[in-house]
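Okay, here's what each chain looks like letter by letter:
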Amino acid sequence: MAKRIILLADSFFPNVMPPEAVINTRVADLLSKNGQVRVYAGGNVGVESNFDGIELRGVNRWGLVALVRIILDAIFWKASHVVIMYDASGFDRRVSVTLIPLVLKILRRKSHVVAHFTNGCCVPYGRSTNRMLRILMRIGVRGINDRLGMLACSDRLVFYCNEHRLTLTMGDGGLLEKSIVSPVPPTVAPGGVVAPTYSGTQVAIARIKGEVVIVFFGLLYPEKGVDTLLRAVSLFRKKERPFRLLVIGGAGIIESRSAWNDRVLKYYDYLKYLERELGLQDVVDWIDYMAESELSAVLMTCDVVVFPFRNGIRANNSSFSVALHHGAPIVATYTDETDGFLRSVSLFRLVPPDSPEQLCDAISLCIGSVRTIDQKSRQLDFARDHFSWDGFVLSLTE
């Protein structure tokens, strides 16, 4: 019998921001290959519709009404799985969606509830909800904890890394037993890496000029830390080595989020001001869009790709995983929130965020070292081992 899967995803098609929107849409597509899928999606999805064999149901607000709709759907449609793609910063920061595992448990429904956590952040409950949680724990409702809240009642808990798993389960034996660490879904599709075509690429032009090629790519907004990168390359210029910085990706505009868009556009204007202030106009190329074949060419032939993120790299950073799959030399930032398996390898250079001096030194070391075929091969093996769509989707339904 084909599975009937309800997928809850605050970010979804047609959005491409935040990156979870692309991942969630791809997850729904893959799940639909082996079953029926109904997606409850927030954002600007709007009216109910169907596409590619997926029933798409828009949620304007993740409140009580949405909760009742989903619970009734799970019961009367006889859903085999309810999969919650949970991001602590999403779902309108409301608690209703976290009630689903508890309600289905109380109603003794057979739907298998899976909660997937995109990061190590606690479920953001308010005072009144926290008081309710403590009451539930006192009267004997098992499986709830302070960090996962009522999502701890899920039948399976899925994490990107063991550090997040241990942090959110608080080492509880019962929660650890039903939790797993899944592969990370790569944002570059199998076969998406193409052989470089040198004609016309910025790298080819820079090579002719004898310039080192430094690359940043991804949508621009304050958390990306590109201002730190501009300050770092300004210091790198003092080393009197010719270089070219390619900033690939325009402002990270999100439809229907005017406050966010104002902030992004102000940041983009600030970057252009900083470029002039540091006198970098002759060495920085701003590229709003680049075709996939050209981007592959750049990533496979540049000297270093830099991710100066203010919050450090994460396993689900789309641009980072793309660079990783291309075998590109990488310099990135890290924080305590950076996934443990990324911090424990020596395949790329990691520095603290907001430190132009350390970022400059790391870029210099990366460019100055000879990268062997074995090092590149180990990076590609690492990407294949830790980033897998098949393994990720399997973790949600098996």
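Residues numbered from 1 in each chain as written. Predicted model: local features only at pLDDT ≥ 70, side-chain atom pairs only at ≥ 80, totals over all residues. Heavy atoms only, no water.

## Some remarks on the layout of surface pockets
Put simply, the test is: Think of a 1 Å grid over the protein atoms and nothing else: a 1.4 Å probe that fits but is trapped marks a cavity, an open set flanked by protein within 12 Å on at least five of seven lines marks a pocket, and residues with an atom within 4 Å of a point count as lining. Grid points are joined across faces, edges and corners, and a volume is the space filled by probe spheres set on the points. Secondary structure elements follow DSSP: runs of H or I no shorter than four residues count as helices, runs of E no shorter than two count as strands, and numbering proceeds from the N terminus. Amino acids outside the nonpolar list (Ala, Val, Leu, Ile, Met, Phe, Trp, Tyr, Cys, Pro) and the charged list (Asp, Glu, Lys, Arg) are all regarded as polar, and Gly is one of them.
Approximately 460 Å³ is the volume found for the second largest pocket. Breaking the lining of the second largest pocket down by element, the ones donating at least two residues are α10 (292–301), α13 (356–368) and α14 (373–386). Looking at the lining of the second largest pocket element by element, the count peaks at 5 residues for α14. Grouping the amino acids of the lining of the second largest pocket by side-chain chemistry returns 12 nonpolar, 7 polar and 7 charged.

## Examining the packing of helix α1 (residues 20–31) against helix α15 (residues 389–397)
As a reminder of what qualifies: In this description, a line fitted to the C-alpha atoms serves as the axis of each element, helices being fitted only across the stretch in contact, and the angle between N-to-C directions of two axes falls anywhere from 0 to 180 degrees. Here roughly perpendicular refers to angles of 65 to 115 degrees, roughly parallel to angles under 35, roughly antiparallel to angles over 145, and oblique to all remaining angles. The contact rule is simple, with two residues in contact once any of their heavy atoms fall within 4.5 Å.
Where α1 meets α15, the closest approach of the two axes is 11 Å, and the angle between their N-to-C directions is 75 degrees. In terms of their interaxial angle, α1 and α15 are classed as roughly perpendicular. The residues of α15 that touch α1, namely those facing Ile23, Arg26, Val27, Leu30 and Leu31, are Trp389, Phe392, Val393, Leu396 and Thr397. A class-by-class count of the residues in the contact of α1 with α15 yields 8 nonpolar, 1 polar and 1 charged.

## Describing a nonpolar patch on the surface
Let me state the cut-off plainly: Two distance rules govern patches: like charges are joined within 9 Å, and nonpolar side chains (Val, Leu, Ile, Met, Phe, Trp, Tyr) within 5 Å, applied only to residues with over 30% relative accessible area and no salt bridge. For every accessible area listed, the method is Shrake-Rupley and the probe measures 1.4 Å; residues are considered covered only by the protein chains on display. Each salt bridge in this description consists of a side-chain nitrogen of Lys or Arg and a carboxyl oxygen of Asp or Glu lying within 4 Å of one another.
Together, Leu64, Val68, Leu72 and Phe76 make up an exposed nonpolar region whose accessible area comes to about 440 Å². With respect to the helices and strands, Val68 occurs in helix α2 (residues 64–76).

## A short note on the pairing of strand β10 (residues 243–248)
Spelled out, the test is: Any residue under 20% of the maximum accessible area for its type is buried, any over 50% is exposed, and the rest in between are partly exposed; the area is computed with a 1.4 Å probe on protein chains only. What makes two strands pair is DSSP finding at least two bridges between them. Call a crossover right-handed when, viewed with both strands pointing away from you, the route from the first strand across the helix to the second goes clockwise.
With 6 of its 6 residues buried, β10 lies for the most part within the structure. Of the two faces of β10, the one holding Phe243, Leu245 and Val247 and the one holding Arg244, Leu246 and Ile248 are both buried throughout. One ladder, built from 6 bridges, connects strand β9 (residues 212–217) with β10; its direction is parallel. Residue pairing across strands places Phe216 opposite Val247, the latter belonging to β10. In terms of handedness, the path from β9 via helix α8 (residues 226–237) over to β10 forms a crossover that is right-handed.

## What about the confidence of the model for the protein chain?
Worth spelling out the cut-off: A residue's pLDDT is the confidence the predictor assigns to it, expressed on a 0 to 100 scale.
Taken as a whole, the protein chain shows an average pLDDT of 83; of its residues, 88% reach a score of 70 or greater. Low pLDDT (under 50) marks residues 189–200, which in the prediction has 18 contacts with non-local residues, meaning those over four places away or in another chain.

## With respect to the pattern of salt bridges
Using the criterion set out here, one finds 13 salt bridges in the structure. Note that Glu275 is salt-bridged to Lys272, the shortest N-O span being 3.7 Å. You can see Glu275 and its partner Lys272 sitting in helix α9 (residues 258–277), 3 residues apart, about one turn around the helix. Between Arg310 and Asp354 there is a salt bridge, with the nearest N and O atoms lying 2.8 Å from each other. Here Arg310, found in the loop between β12 (304–307) and α11 (318–325), pairs with Asp354, found in the loop between β14 (349–351) and α13; they are 44 residues apart in sequence, far enough to count as distant. Looking at Asp354, the relative accessible area reads 44%, which means it is partly exposed. Connected through shared salt-bridge partners, Arg38, Glu55, Arg57 and Asp73 make up one network.

## A few points about the sheet that holds β12
If you walk across this open sheet you meet the 6 strands as β11-β10-β9-β12-β13-β14, and the pairing is parallel. Each edge of the open sheet carries a strand with a single partner, namely β11 (284–287) and β14. Taking each pair of neighbouring strands and ignoring which way they run, the sheet shows an average axis angle of 20 degrees. With 4 bridges connecting them, β10 and β11 associate as parallel partners. What sits directly across from Leu245, in β11, is Val284.

## Section: the packing of aromatic side chains
Put simply, the rule is: For Phe, Tyr and Trp, where Trp contributes only its six-membered ring, two rings pair if their centres lie within 6.5 Å, and the inter-plane angle classes them as stacked under 30 degrees, edge-to-face over 60, or tilted in between.
Under the counting rule described, the total for this entry stands at 14 aromatic pairs. Arranged with centres 6.3 Å apart and planes meeting at 70 degrees, the rings of Trp389 and Phe392 form a pair that is edge-to-face. With Trp389 and Phe392 both in helix α15 and 3 residues apart, this pair spans about one turn of that helix. Grouping residues by exposure puts Trp389 and Phe392 together as buried.

## Here's the deal with the side chain of Thr25
If you trace the backbone, Thr25 turns up in helix α1. For Thr25, a relative accessible area of 17% puts it in the buried group. Apart from residues no more than four positions distant in its own chain, Thr25 is found in contact with Phe12 and Phe13.

## Comments concerning the environment of Lys376
Checked against the element boundaries, Lys376 lands in helix α14. Measuring from C-alpha to C-alpha, the distance between Lys376 and Leu324 comes to 9.6 Å, with 52 residues separating the pair along the chain.

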